[in-house]
Amino acid sequence: MRKMKKWTALFCAGFMAVSFLAGCGSKSESDDTAAVPKQENKNTAAAEEENEEKSMGRYLEREMVLPEEISEMVQYPLPYIKKLESGDLMLAEKETGKYISSDGGETWESAGNPWKDVGKNLYMTNMAVSPNGAVALPGIFTGDGESESSEAEETSQDDASETENGGAENADAEREEIRWKYYYFDAEGNETELDLADTEIRSFVFDGSERLYGLAGGGKVYRIDPADGSKKELFSADGTVDFACFTDKYMVGITTRGGAVVYDIEQDILMDTDEVLQEFIGQNLGLSIGSTDMGHSVVMTAGEQDDVIYFAFDGGLYRHVIGGAAIEQIIDGASSSFGDPSLMLMSMETLPDNEFMVLYTGMKLYRYTYDPNVPTVPDKQLKIYSLMESVAVRQAVSMFQKAHQDVYIRYEIGMSGDDGVTREDAVRNLNTKIMSGEGPDILMLGGLPRASYEEKGILADLSGITEEMSGDAALFPNIIEACRKDGKIYALPVRIQLLLMAGEPEDVRKVKDMDSLAKLTEELREEEPEGALLAVRTPEQLLYILSLSCSAAWTDEEGNIDEKALEEFLTAAKRIWEAEISGVTEEELGVREGGYGSLTNEYRQYYGNTSGSAENIMMEMQKFAVGRVRGVDFEYDMLTTIAEQEDQFAFDVWNGQVSNGFLSDCLVGISANSVENETAVEFYRYLFGKEFQDIDVYDGLPVNMASFEGLKENPRAGMVEGASERAAGSIGTSTPDGKVFGIELLWPTEEEFERLKGMISSVSRISTGDDTIAETVYEIGPRALEGSITPKEAVQEIVKKSAIYLAE
């Protein structure tokens, strides 16, 4: 996820107003008055003077109820919402048809499904609705190939991957012929198959005059006449136009290369670049734009005048005058569903009285209504801090915010990744705020000097709050005890990850600690002179993976470096590295083009993935695996499925220098100054409550015992007719040299689930320690592994470099 930036147009003498779910009323460069409600231009921070008149008015969101048959019958809905010229709302969905609402989305009536038969053999990539209710849809023909089709087209494997639904590609994909077909249904439901040969249109869109446009691969944009199927190429953009909207005068499109294009539909000319919009999109969305059937990164709709548009992304809802010098934030994404990482945008419409209707993935429809009688910024305030952005935290903030619209939550991230701030800078800035009394209420302690904060009384003792968590809110007791220090609990993990190893059963039984792991790799190299053992490319990558089960052992109870333990770690790591590289070529080592093998944050998430390494073991691309498992879906079930089917494959708990350890995700505490803040305590409880713990955020296993029990249920049971109730999806992969692996995953049995529960119940200590010391080990340690210095010399350098940090 991207961090929201406060952005100012380079060409604006004024400023862009940033608000909390609030209406803005600044004037545009074309002297039009914004139609959204006005508010006073006041500081929205909590530090406003108490005697200053409170700024009032902001947008509130409300979820609308959609027809039950869509959510009950359709596994992967592809919906589109449109305000018709009659004033009604029309909702179109690929499988259940179209619905009409005459009361602003409160109730819906079915209007039939004209494309029902077409949809049986068509993988739809988009739906478009015209102001009079006509529908156009493109798609890939998925029938047996004997039916007549408009045109058969060959596309490359890369092009196919942009449209196919996420399944693994195989070697035959390049040889398959993709048949694109295009259909138009008028307002009465009459069907016309459009003959659009050699266009490969990915999506359709209508303007306000019912004219149809096609957005094709390669950035080409066509105007199409459904009556005769004729087409006219209007322009070609730099990158495929992912989403477009129309005012009475302009077509505005956002491309997959982060560009913004404006086309004058009255004069049929491509306008000069809107520099303000272009720069804003580039800075806030970059190259992340690209639609699938799972939604869009950005959606747009026409505004109240022919040169005004509204657009939305995870940063919120914005207003812009085409060619103008300002972009106004109307709704803040951090305080609304726009910022919910579990949702992507499908489409958006403006409604009368400055209201907005936004359709998200998962058939979530929200209406945004301006209320002038609520404070622009709620009186209740909550500040949350994490060093790095966390999807789980972002998800929790979004869900809590939606349920508590009377609370203003500010989620601050110390290191955005694009501002040059180092870990040391971020921690120093945070400490300054804490010492001045301006620190956060909630602290995500990953990467922060937790031991120092505990020692200095910065963190509150949460023992009392934890003891109150019972029933559906009860946590695994051993996880709680693992976090208890001197009788107090300063922090708890929102999720945990298990440390597991995998390989041949005999090899798995041999590994008890770092020394036995090193011995195993040496034995495997003797048996197999060639080929990867752990499949690591760089010493940094190896140190990082091994540290997952070791780094907590590198410091003593006072937080000082345990030189003996660190030297033992580097000595064992050196043996493992030497065994690894002695049987692989130079071409197989080093940082791969693109960065794999480096320790950038982008790639760390992929290292030490035990389930992924299990695939490599089955393809004979590596011999043994150590790492972590973050969940059941496509992780633990991968291991159990392979173990069921392969006698020579086993997995078990991996102990490094820390025995019975686990990885904590989102280790969270409350500031000692905020323990009386009821909102902070309520949010803390929410993080561990069943509602949030039930959500799979892909960062770990729930610590809430009731939520963990819910993992027994296969989320894909019954999805495929005739399939086993344990069917949980499939994975297929291949390598350039022809190695192929494919497996039909099975959801864990009761026995396998109990084994997982036993593993969680057996852990007793967080296995990772001080991140700053660990980073120093990753920096200096590789020279010890490669032999330019000894492990003892490396430890001395690490101690020396860490001295200043430890003294602070």
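Residues numbered from 1 in each chain as written. Predicted model: local features only at pLDDT ≥ 70, side-chain atom pairs only at ≥ 80, totals over all residues. Heavy atoms only, no water.

## Some points on the overall build of the protein
Then step 1. The number of helices and strands found in the protein is 22 helices and 38 strands.
Then step 2. When burial is assessed residue by residue, the protein has 54% of its 808 residues classed as buried.
Then step 3. In the protein, 65% of the contacts between residues at least 6 apart in sequence involve partners at least 24 apart. (Helix = DSSP H or I, 4+ residues; strand = E, 2+ residues; numbered from the N terminus. Buried < 20%, exposed > 50% of the residue type's maximum accessible area, 1.4 Å probe, protein only. Contact = heavy atoms within 4.5 Å.)

## As for the sheet that holds strand S25 (residues 364–375)
Pairing between sheet strands relies on hydrogen bonds along the backbone, with the strands arranged either parallel or antiparallel.
Then step 1. Spatial ordering of the open sheet is given by S1-S25-S24-S23, a layout of four strands whose pairing is antiparallel. The two strands at the open ends of the sheet, each matched to only one other strand, are strand S1 (56–64) and strand S23 (345–351). Averaged over all adjacent pairs, the angle separating strand axes in this sheet is 25°, with direction ignored.
Then step 2. Here six bridges tie S23 to strand S24 (residues 355–360), and the two strands are oriented antiparallel to one another. Bridge pairing in S24 links Met 348 to Val 358. (Pairing = 2+ DSSP bridges. Axes fitted to C-alpha atoms, helices over the stretch in contact; angles between N-to-C directions.)

## Comments concerning the pairing of strand S9 (residues 180–185)
Then step 1. In terms of burial, S9 is a largely internal element, six of the six residues being buried.
Then step 2. Every second residue of S9 is oriented toward a common face, with Trp 180, Tyr 182 and Tyr 184 on one face and Lys 181, Tyr 183 and Phe 185 on the other, all of them buried.
Then step 3. The pairing of strand S8 (residues 135–141) with S9 spans six bridges and is classified as antiparallel. For Ala 136, the partnering residue across the bridge sits in S9 and is Tyr 184.

## Digging into the packing of helix H12 (residues 539–547) against helix H21 (residues 771–786)
Then step 1. Taken N-terminus to C-terminus, the directions of H12 and H21 make an angle of 115°; their axes are 9 Å apart at the nearest point. Here H12 lies roughly perpendicular to H21, going by the angle between them. Note that H12 runs across H21; the crossing there is right-handed. Note on element contacts: H21 touches H12 through Val 777, Tyr 778, Gly 781, Pro 782, Leu 785 and Glu 786, opposite Pro 539, Glu 540, Leu 542, Leu 543, Tyr 544 and Ser 547.
Then step 2. Grouping the amino acids of the contact of H12 with H21 by side-chain chemistry returns eight nonpolar, two polar and two charged. (Parallel < 35°, antiparallel > 145°, perpendicular 65-115°, else oblique. Left-handed = near helix turned anticlockwise from the far one by under 90°. Nonpolar A, V, L, I, M, F, W, Y, C, P; charged D, E, K, R; others polar.)

## Examining a negative patch on the surface
Then step 1. A cluster of acidic residues, Glu 455, Asp 486, Asp 556, Glu 557 and Glu 558, forms a negative patch on the protein surface.
Then step 2. Summarising the element assignment, Glu 557 is placed in the loop between H12 and helix H13 (563–581).
Then step 3. Under the relative-accessibility criterion, Glu 557 is labelled exposed at 74%. (Patch = residues over 30% accessible without salt bridge, like charges linked within 9 Å, V, L, I, M, F, W, Y side chains within 5 Å. Areas by Shrake-Rupley, 256 points an atom, 1.4 Å probe, with all protein chains shown as cover. Salt bridge = Lys/Arg side-chain N within 4 Å of Asp/Glu carboxyl O. Lys, Arg positive; Asp, Glu negative; His and termini not counted. Charge placed at Lys NZ, Arg CZ, Asp CG, Glu CD.)

## Focus on the packing of aromatic side chains
Then step 1. According to the stated counting rule, one finds 29 aromatic pairs in the structure shown.
Then step 2. Arranged with centres 4.6 Å apart and planes meeting at 35°, the rings of Tyr 213 and Phe 246 form a pair that is tilted. With Tyr 213 in strand S12 (residues 212–216) and Phe 246 in strand S15 (residues 241–246), the pair connects residues that are 33 residues apart, well separated along the chain.
Then step 3. Overall, Tyr 213 belongs to the buried group, its relative accessible area being 0%. (Phe/Tyr/Trp six-rings, centres within 6.5 Å; stacked < 30°, edge-to-face > 60°.)

## As for H12
Then step 1. Judged by how many residues are buried, H12 sits mostly within the fold: eight of nine residues are covered.
Then step 2. Within H12, burial applies to Pro 539, Gln 541, Leu 542, Leu 543, Tyr 544, Ile 545, Leu 546 and Ser 547.
Then step 3. Buried positions along H12 lie against helix H11 (514–527), H13, helix H14 (601–604), strand S32 (625–629) and H21.

## Let's talk about the nonpolar core
Then step 1. In this structure, Ile 384 and Phe 688 are the most contacted members of the largest nonpolar core, which totals 87 residues.
Then step 2. Ignoring sequence-local partners within four residues, the contact set of Ile 384 consists of Val 393, Val 397, Ile 409, Arg 410, Tyr 411, Glu 412, Pro 440, Ile 442, Met 444 and Phe 683. (Core = buried A, V, L, I, M, F, W, Y, C linked by side-chain atoms within 4.5 Å.)

## A closer look at the confidence of the model for the protein
Should pLDDT be low for a region, the predicted coordinates there are not to be read in detail.
Then step 1. This prediction gives the protein a mean pLDDT of 86; 87% of its residues lie at or above 70.
Then step 2. Note on residues 22–34: pLDDT is under 50 here. Beyond four places in sequence and across chains, it has 44 contacts.
Then step 3. For the stretch residues 144–176, pLDDT sits under 50, and the model shows 52 contacts to residues farther than four places along the chain or on other chains. (pLDDT = per-residue confidence, 0-100.)

## Some remarks on the side chain of Thr 361
Then step 1. Its location among the elements puts Thr 361 in the loop between S24 and S25.
Then step 2. For Thr 361, a relative accessible area of 10% puts it in the buried group.
Then step 3. The contacts of Thr 361, once residues within four sequence positions are left out, are Met 294, Gly 295, Ser 342, Leu 343, Met 344 and Met 346.

## Focus: unusual backbone geometry
Then step 1. For Ala 535, which is not a glycine, the phi torsion comes out positive at approximately 60°.
Then step 2. In this structure, Ala 535 sits in the loop between H11 and H12.
Then step 3. With relative accessibility at 28%, the residue Ala 535 sits in the partly exposed group.
Then step 4. Despite not being glycine, Cys 666 has its phi angle at roughly 60°, a positive value.
Then step 5. Along the chain, the position of Cys 666 falls in strand S34 (residues 661–670).

## Topic: the pattern of salt bridges
Then step 1. Under the criterion given, the structure shown has 45 salt bridges.
Then step 2. With its nearest N and O atoms 2.6 Å apart, the salt bridge here joins Glu 468 to Arg 685. Of this pair, Glu 468 sits in the loop between helix H8 (463–467) and helix H9 (477–482) while Arg 685 sits in helix H17 (residues 678–688), and the two are 217 residues apart along the sequence.
Then step 3. Judged by its relative accessible area of 51%, Glu 468 falls in the exposed class.

## Details of the sheet that holds strand S2 (residues 79–83)
Then step 1. Across the sheet, which stays open at both edges, the four strands sit in the order S2-S3-S4-S5 with antiparallel pairing between neighbours. Among the strands making up the open sheet, the edge pair consists of S2 and strand S5 (109–110).
Then step 2. In terms of strand pairing, strand S4 (residues 97–101) meets S5 through two bridges, oriented antiparallel. Bridge assignment links Tyr 99 to a residue of S5, and that residue is Ser 110.

## Examining the environment of Met 348
Then step 1. Among the structural elements, Met 348 can be located in strand S23.
Then step 2. The exposure class of Met 348 is buried, given its relative accessible area of 2%.
Then step 3. Residues Met 348 and Tyr 366, 18 residues apart in the sequence, show an inter-C-alpha distance of 9.7 Å.
Then step 4. With sequence-adjacent residues up to four places away left out, Met 348 is seen in contact with Val 299, Met 300, Thr 301, Tyr 310, Phe 311, Ala 312, Leu 317, Met 357 and Val 358.

## Here we look at the packing of helix H16 (residues 632–645) against helix H20 (residues 750–762)
Then step 1. Running from N to C, H16 and H20 cross one another at 120°; their axes reach a closest spacing of 11 Å. The pairing of H16 with H20 is recorded here as oblique in orientation. Between H16 and H20 lies a crossing of right-handed hand. Judged by residue contacts, Val 632, Tyr 636, Thr 640 and Glu 644 of H16 engage Glu 752, Arg 755 and Leu 756 from H20.
Then step 2. Class assignment for the residues of the contact of H16 with H20 results in three nonpolar, one polar and three charged.

## Digging into the environment of Leu 89
Then step 1. Tracing the backbone shows Leu 89 in strand S3 (residues 89–93).
Then step 2. For Leu 89 and Asp 103, which are 14 residues apart along the polypeptide, the C-alpha to C-alpha distance reads 8.2 Å.
Then step 3. Apart from residues lying up to four places away in sequence, Leu 89 is in contact with Lys 82, Lys 83, Tyr 99, Ile 100, Ser 101, Gly 104, Gly 105, Trp 108, Leu 351 and Met 357.

## Side note on the side chain of Thr 679
Then step 1. Structurally, Thr 679 can be placed in helix H17.
Then step 2. Those residues in contact with Thr 679 that lie beyond four places of it in its chain are Lys 380, Leu 382, Phe 400 and Val 407.

## Section: the pairing of strand S14 (residues 230–236)
Then step 1. Summarising the sheet, strand S13 (residues 220–225) and S14 pair through six bridges and their orientation is antiparallel. Considered in S14, the bridge of Val 221 is made with Phe 235.
Then step 2. Count of turn residues in the S13/S14 antiparallel hairpin: four residues, of which Gly 229 carries a positive phi of about 75°.

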